[in-house]
Amino acid sequence: MKITTFDPLIVTPRQDEVIELFKELGFEQTHAPVTDTGTVEVKAVRMKHENGYHVDVADVDEPQDRMLIRMNVDNYDEAYDILISHGFTNTRGDGFIETGSAKAATMVSPSGFTIALVEHHKK
């Protein structure tokens, strides 16, 4: 299994404010995908710094900001099994989000940190 992306994902009800902060820190928006989770559409913004750093900011209707690690992989099942073997739990039970372009699940460690596990389908 190969990790293809590993960076912070900020989930916030104040997306515009967070984006503005990161723009002032030297980040630029590179794209803004919308993901249908089956219950809501999540609008995210991918930002990149000239030194190669990335941050994603997702607009979610929650009472406070949360920080996750977004981990894109080339083999979802293998990564999922590794995380499960280390005590992670899937917030969707055994389920996942299938968007047509990606397969994803939110995985929570025994100590509480969260990984957004994603495999993008190759065309």
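Scroll up to find the structure.
Residues numbered from 1 in each chain as written. Predicted model: local features only at pLDDT ≥ 70, side-chain atom pairs only at ≥ 80, totals over all residues. Heavy atoms only, no water.

(A) A look at the side chain of T12. Within the fold, T12 resides in strand 1 (residues 3-12). In terms of polar contacts, T12 uses its side chain to reach the backbone amide nitrogen of R14, at 2.9 Å. Filtering out sequence-adjacent residues up to four positions away, T12 remains in contact with V18, V57, A58, D59, V60 and D65. (Helix = DSSP H or I, 4+ residues; strand = E, 2+ residues; numbered from the N terminus. Polar contact = N/O pair within 3.5 Å; in protein donor to acceptor, adjacent residues only side chain to side chain. Contact = heavy atoms within 4.5 Å.)

(B) Up close: the pairing of strand 6 (residues 66-73). Note that strand 1 and strand 6 share eight bridges and pair antiparallel. Looking across to strand 6, one finds that I10 is bridged to M67. By the bridge criterion, four bridges tie strand 6 to strand 10 (residues 114-120) in an arrangement that is parallel. By the bridge assignment, M71 is partnered in strand 10 with L117. (Pairing = 2+ DSSP bridges.)

(C) Looking closely at the nonpolar core. Within the largest apolar cluster, eleven residues are counted, these being M71, V73, Y76, A79, Y80, L83, F88, A105, M107, I115 and L117. Elements with a minimum of two residues in this core: strand 6, helix 2 (76-85), strand 9 (102-108) and strand 10. Sort the elements by how many residues they give to this core and helix 2 lands first, with four residues. In this structure, F22, F27, V45 and V57 belong to the second largest nonpolar core, which totals nine residues. (Core = buried A, V, L, I, M, F, W, Y, C linked by side-chain atoms within 4.5 Å. Buried < 20%, exposed > 50% of the residue type's maximum accessible area, 1.4 Å probe, protein only.)

(D) Molecular detail of helix 2. Of the residues making up helix 2, those classed as buried are Y76, A79, Y80 and L83. For helix 2, the buried positions fall inside an angular range of 100° around the axis, keeping them on one side. For helix 2, the elements touching its buried residues are strand 6, strand 7 (89-90), strand 9 and strand 10. A positive backbone phi angle near 90° is found at G87, which sits one or two residues after helix 2. (Arc of directions from axis to C-beta.)

(E) Main features of the environment of D65. Tracing the chain through its elements places D65 in the loop between strand 5 (54-59) and strand 6. Sequence separation between D65 and E50 is 15 residues, and the spatial gap between their C-alpha atoms is 25 Å. Only 3.0 Å separates the side chain of D65 from the side chain of R14, close enough to count as a polar contact.

(F) Summary view of the packing of aromatic side chains. Tallied over the entire structure, the rule returns four aromatic pairs. Considering the side-chain rings of Y76 and Y80, the 5.7 Å spacing of their centres and the 20° angle between planes classify their relative orientation as stacked. Note that Y76 and Y80 are positioned in helix 2 at a spacing of four residues, about one turn of the helix. Judged by its relative accessible area of 3%, Y76 falls in the buried class. Judged by its relative accessible area of 12%, Y80 is buried. Ring centres of F88 and F113 lie 5.4 Å apart, and the angle between their planes is 80°; this geometry places the pair in the edge-to-face category. With F88 in the loop between helix 2 and strand 7 and F113 in the loop between strand 9 and strand 10, this pair connects stretches of sequence that are 25 residues apart. (Phe/Tyr/Trp six-rings, centres within 6.5 Å; stacked < 30°, edge-to-face > 60°.)

Everything listed here is a matter of coordinates, which is why it stays silent on function.
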